[in-house]
Amino acid sequence: MTTLKAWAEGPFELILHAELHLQGRNDFDRRIALISFDNSIEVSVTTYLSLDPVQRQNRRYQRIDVDKWLANYHSKLDFFFHEITERTVVVSFDKGEVIWCHKARNDQYHSGGPSIPRERGISRH
């Protein structure tokens, strides 16, 4: 494996943290995995869009688009799915599934009650 760039370490650590908890398989681990995967998406997009184009292999975006994409979680997902389409990358999930996980994470934080994500809800497809 090649060495990660300094700006990629934080997002990578969040993804690794989530993956390790997902392998734990108990209620606590599923909660932490869901939170960490959700956070890693947001941090990864924010980090990427905040880089200088040189750090993004000269990929350039209009400032108005970057501001729009950085506005909130859903607009960051818009960027993510726009970018994978532009790069012709195939993923095994759709935007609706990511939004469902984000809502489950929000329910953990904001609903005031206990919430344990089902294994099916956060496992790989």
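These numbers come from a predicted model, not from an experiment.

### Thoughts on the overall build of the protein
At step 1: Counting its regular elements, the protein contains six helices and zero strands.
At step 2: The long-range share in the protein, meaning contacts at least 24 apart out of those at least 6 apart in sequence, stands at 55%.
At step 3: Total accessible area on the protein stands at roughly 8,200 Å², and carbon and sulfur atoms take up 55% of it.

### Focus: the packing of helix H2 (residues 27-50) against helix H4 (residues 73-86)
At step 1: At a minimum axis separation of 10 Å, H2 and H4 run at an interaxial angle of 70°. Accordingly, the angle class assigned to the pair H2 and H4 is roughly perpendicular. Here Asp 38, Ile 41, Glu 42, Val 45, Thr 46, Tyr 48 and Leu 49 of H2 lie close against H4, whose contacting residues are Tyr 73, Lys 76, Leu 77, Phe 79, Phe 80 and Glu 83.
At step 2: The class makeup of the residues in the contact of H2 with H4 is eight nonpolar, one polar and four charged.

### Topic: the nonpolar core
At step 1: Listed in full, the eight residues of the largest apolar core are Val 45, Tyr 48, Leu 49, Leu 51, Tyr 61, Val 66, Trp 69 and Phe 79.
At step 2: Secondary-structure elements contributing two or more residues to this core are H2 and helix H3 (63-69).
At step 3: No other element matches the three residues that H2 contributes to this core.
At step 4: Residues in contact with Leu 51, not counting those within four places in the same chain, are Trp 7 and Arg 56.

### Some remarks on the pattern of salt bridges
At step 1: Counted under the stated rule, the structure contains nine salt bridges.
At step 2: Across the salt bridge formed by Asp 27 and Arg 30, the nearest N and O atoms sit 2.7 Å from each other. With a gap of three residues between them, Asp 27 and Arg 30 both fall in helix H2, about one helical turn apart.
At step 3: Relative accessible area serves as the criterion here: at 12%, Arg 30 is assigned to the buried category.
At step 4: Each of Arg 59, Glu 83 and Arg 87 takes part in one network of salt bridges that share partners.

### Focus on a nonpolar patch on the surface
At step 1: Residues Phe 12, Leu 16 and Leu 20 make up a contiguous nonpolar surface patch of about 270 Å² in total accessible area.
At step 2: Along the chain, the position of Leu 16 falls in helix H1 (residues 6-24).

### A look at the packing of aromatic side chains
At step 1: Considering all chains together, one arrives at eight aromatic pairs under this definition.
At step 2: Centre to centre, the rings of Tyr 48 and Tyr 61 are 6.3 Å apart; their planes meet at 65°, and the pair counts as edge-to-face. Of this pair, Tyr 48 sits in helix H2 while Tyr 61 sits in the loop between H2 and H3, placing them 13 residues apart in sequence.
At step 3: A residue is classified by how much of its surface remains accessible, and Tyr 61, at 18% relative accessible area, is buried.
At step 4: Every member of this aromatic cluster is reached through a ring pair, and the members are Tyr 48, Tyr 61, Trp 69 and Phe 79.

Rules behind the numbers
- Residues numbered from 1 in each chain as written.
- Predicted model: local features only at pLDDT ≥ 70, side-chain atom pairs only at ≥ 80, totals over all residues.
- Heavy atoms only, no water.
- Helix = DSSP H or I, 4+ residues; strand = E, 2+ residues; numbered from the N terminus.
- Contact = heavy atoms within 4.5 Å.
- Areas by Shrake-Rupley, 256 points an atom, 1.4 Å probe, with all protein chains shown as cover.
- Axes fitted to C-alpha atoms, helices over the stretch in contact; angles between N-to-C directions.
- Parallel < 35°, antiparallel > 145°, perpendicular 65-115°, else oblique.
- Nonpolar A, V, L, I, M, F, W, Y, C, P; charged D, E, K, R; others polar.
- Core = buried A, V, L, I, M, F, W, Y, C linked by side-chain atoms within 4.5 Å.
- Buried < 20%, exposed > 50% of the residue type's maximum accessible area, 1.4 Å probe, protein only.
- Salt bridge = Lys/Arg side-chain N within 4 Å of Asp/Glu carboxyl O.
- Patch = residues over 30% accessible without salt bridge, like charges linked within 9 Å, V, L, I, M, F, W, Y side chains within 5 Å.
- Phe/Tyr/Trp six-rings, centres within 6.5 Å; stacked < 30°, edge-to-face > 60°.

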